[in-house]
Amino acid sequence: MRTVIQRVKHASVTIDGVINGKIEQGFLLLVGIKDDDTEAVVEKMADKIAKMRIFDDENGKMNLALQQVGGAILSISQFTLFANCKKGNRPSFDGAGKPEHAKAMYLYFNEVLRRYGLQVEEGIFAADMKVELLNDGPITICLDSEDLK
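For the structure given in this document, a descriptive report is provided here. (Residues numbered from 1 in each chain as written. Predicted model: local features only at pLDDT ≥ 70, side-chain atom pairs only at ≥ 80, totals over all residues. Heavy atoms only, no water.)

Points about the layout of surface pockets
Under the convention used in this document: Detection works on a 1 Å grid of protein atoms alone, calling trapped sets that fit a 1.4 Å probe cavities and calling open sets with protein on both sides within 12 Å along at least five of seven lines pockets, with lining residues defined by an atom within 4 Å of a point. Grid points are joined across faces, edges and corners, and a volume is the space filled by probe spheres set on the points.
In this model, the largest pocket occupies a volume close to 330 Å³. Looking at the largest pocket, it is lined by 17 residues, and the ones nearest its centre are Ser77, Gln78, Phe79, Ala126 and Met129.

So, the side chain of Lys34
Under the convention used in this document: Under the DSSP-based scheme used, a helix requires at least four consecutive residues in state H or I and a strand at least two consecutive residues in state E, with every element numbered from the N terminus. Between buried and exposed lies partly exposed: a residue is buried under 20% and exposed over 50% of the maximum accessible area for its type, with that area taken using a 1.4 Å probe on protein chains only. The definition of a polar contact used here is a pair of N or O atoms within 3.5 Å, where within protein one atom must be able to donate a hydrogen and the other to accept one, and adjacent residues in sequence count solely through side-chain atom pairs. Should any heavy atoms of two residues lie within 4.5 Å, those residues are considered in contact.
Relative to the elements of secondary structure, Lys34 occurs in the loop between strand E3 (26–32) and helix H1 (39–51). Lys34 gets classed as buried once you look at its relative accessible area, which sits at 14%. Reaching out from Lys34, the side chain makes a polar contact with the side chain of Glu146 at a distance of 2.7 Å. Residues in contact with Lys34, not counting those within four places in the same chain, are Met1, Phe82, Gly95, Gly97, His101 and Glu146.

Concerning the nonpolar core
Considering soluble globular proteins, one finds that nonpolar side chains tend to be buried as a cluster. Inclusion rule: Throughout this description, the term nonpolar core refers to a set of buried Ala, Val, Leu, Ile, Met, Phe, Trp, Tyr and Cys residues connected via side-chain atoms within 4.5 Å.
Ranked by internal contacts, the top residues of the largest apolar core, which has 29 residues, are Ile5, Phe27, Leu29, Ile49, Ile73, Phe109 and Leu113. If you list the elements that add at least two residues to this core, you get E3, H1, strand E4 (53–56), helix H2 (99–115) and strand E8 (129–144). The biggest single contributor to this core is H2, with 7 residues. Each residue touching Phe27, except ones within four places of it in the same chain, is listed here: Ile5, Gln6, Arg7, Val8, Ile49, Met52, Ile54, Phe55, Leu66, Ala72, Ile73 and Leu74. In terms of nonpolar packing, the next biggest core, distinct from the first, is built from 12 residues, Val8, Ala72, Ile76 and Met129 among them.

Details of H1
Basically, it comes down to this: Each helix should span, by expectation, one fewer than its residue count multiplied by 1.5 Å. Read the arc as the range of directions from the helix axis to the C-beta atoms.
Look at H1: 18 Å from first C-alpha to last across 13 residues, which is about the 18 Å you get at 1.5 Å a residue. Of the positions making up H1, those classed as buried are Val42, Met45, Ala46, Ile49 and Ala50. For H1, the buried positions fall inside an angular range of 130 degrees around the axis, keeping them on one side. Where H1 is buried, its residues touch strand E1 (2–15), E3, strand E5 (62–65), H2 and E8.

Structural data, given as structure tokens:
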């Protein structure tokens, strides 16, 4: 599982000209799932993100978590996080999870985040989405489940 976390002032996702999800301060998450990702992997990733302290405290130090600043999450499925660009100029996406499994794990991931008391807005799995954001910082962090302990 791979997740790109962007600290944002605001973010939204539009599908077919209609806003499907919108947040103010919080995280825009781009979420990629592999076929061997399990519920345990998803839970570990959600725990890391829910507790991540990347908002400034009163001293300007990144020390506060999402809940401490009243932030929300906009979660977007993103199979292209597993693009393989080793050969040629056209990426291969063979490393991305099969749609049925990836969708189930993506939805489960969002549900686990909600269990932490977080507001989670979503895109629509496999839809053509237009994502807008104002990156705050800019702060962008890439997490790979294989690197989490």
